[in-house]
Amino acid sequence: SIPLNSSSLSETLRSDRFVLYPNPAQNEVVLKHLDIPENGNVFIYDQTGRLIKRVTINRYVAETKIDISELQSGVYFIEAVGEGYKQTKKLIVQ
């Protein structure tokens, strides 16, 4: 493992727009917004790139709960998109 110095750690934290938990998840996942300048959208894609779900996120609400109970077990990709940013994270549904 590569040790992180404090500047690279703060760089990583600054570049992360959201945190996703729990992960793996079963019925619901929480998307905690860290630095989203305006309202945006969250897209959930399956492993083939097919859009499964779209959720609007409100910049004034710190966390958005997303119901994933209809998703089958597997790996999905959560993409947060807004003006000037786009970030993707992997979600495992059990």
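Each remark here, short or long, concerns the structure printed above.
Given the structure is predicted, the values throughout are model-derived calculations rather than measurements. (Residues numbered from 1 in each chain as written. Predicted model: local features only at pLDDT ≥ 70, side-chain atom pairs only at ≥ 80, totals over all residues. Heavy atoms only, no water.)

(A) Quick look at the sheet that holds strand β4 (residues 51-57). Taken in spatial order, the 4 strands of this open sheet run β4-β3-β6-β7, and their pairing is antiparallel. Across the chains shown, the open sheet's two edge strands, defined by having one partner strand only, are β4 and β7 (85-93). Adjacent strand axes in the sheet meet at a mean angle of 20°, parallel and antiparallel pairs treated alike. (Pairing = 2+ DSSP bridges. Helix = DSSP H or I, 4+ residues; strand = E, 2+ residues; numbered from the N terminus. Axes fitted to C-alpha atoms, helices over the stretch in contact; angles between N-to-C directions.)

(B) Representation of the sheet that holds strand β1 (residues 18-21). Pairing in this open sheet of 3 strands is antiparallel, and the strands run β1-β2-β5 from one edge to the other. Bordering the open sheet on either side are β1 and β5 (63-67), each of which pairs with just one other strand. Between one strand and the next, the sheet's axes are offset by a mean angle of 20°, whatever the strand orientation. Bridge count for β1 against strand β2 (residues 28-33) is 4 bridges, and the pairing is antiparallel.

(C) Looking closely at the side chain of Asp46. Mapped onto the elements of the fold, Asp46 is located in the loop between β3 (40-45) and β4. A distance of 2.9 Å separates a polar atom in the side chain of Asp46 from the backbone nitrogen of Arg50. Sequence-distant contacts of Asp46, that is, excluding residues within four places in its chain, are made with Ile52, Val75, Tyr76 and Phe77. (Polar contact = N/O pair within 3.5 Å; in protein donor to acceptor, adjacent residues only side chain to side chain. Contact = heavy atoms within 4.5 Å.)

(D) Spatial organisation of the environment of Asp16. In this fold, Asp16 is placed in the loop between α1 (6-15) and β1. The partly exposed category is assigned to Asp16, whose relative accessible area is 21%. When the C-alpha positions of Asp16 and Leu34 are compared, they lie 7.3 Å apart, and in sequence the two are 18 residues distant. When residues no more than four places from it in sequence are discounted, the contact partners of Asp16 are Leu34, Gln87 and Lys89. (Buried < 20%, exposed > 50% of the residue type's maximum accessible area, 1.4 Å probe, protein only.)

(E) Broad picture of the pairing of β2. In this structure, the hairpin formed by β1 and β2 is closed by a connection of 6 residues. Alignment of β2 against β5, held across 5 bridges, turns out to be antiparallel. By the bridge assignment, Leu31 is partnered in β5 with Thr64.

(F) Structural context of the nonpolar core. By size, the foremost hydrophobic cluster in this structure holds 18 residues, and its most contacted members are Leu31, Val42, Ile66, Ile68, Ile78 and Leu91. Elements with a minimum of two residues in this core: β1, β2, β3, β4, β6 (74-82) and β7. Each residue touching Val42, except ones within four places of it in the same chain, is listed here: Leu31, Lys53, Arg54, Val55, Ile57, Ile66, Ile78, Glu79 and Ala80. (Core = buried A, V, L, I, M, F, W, Y, C linked by side-chain atoms within 4.5 Å.)

Honestly, it's all geometry; don't read function into it.
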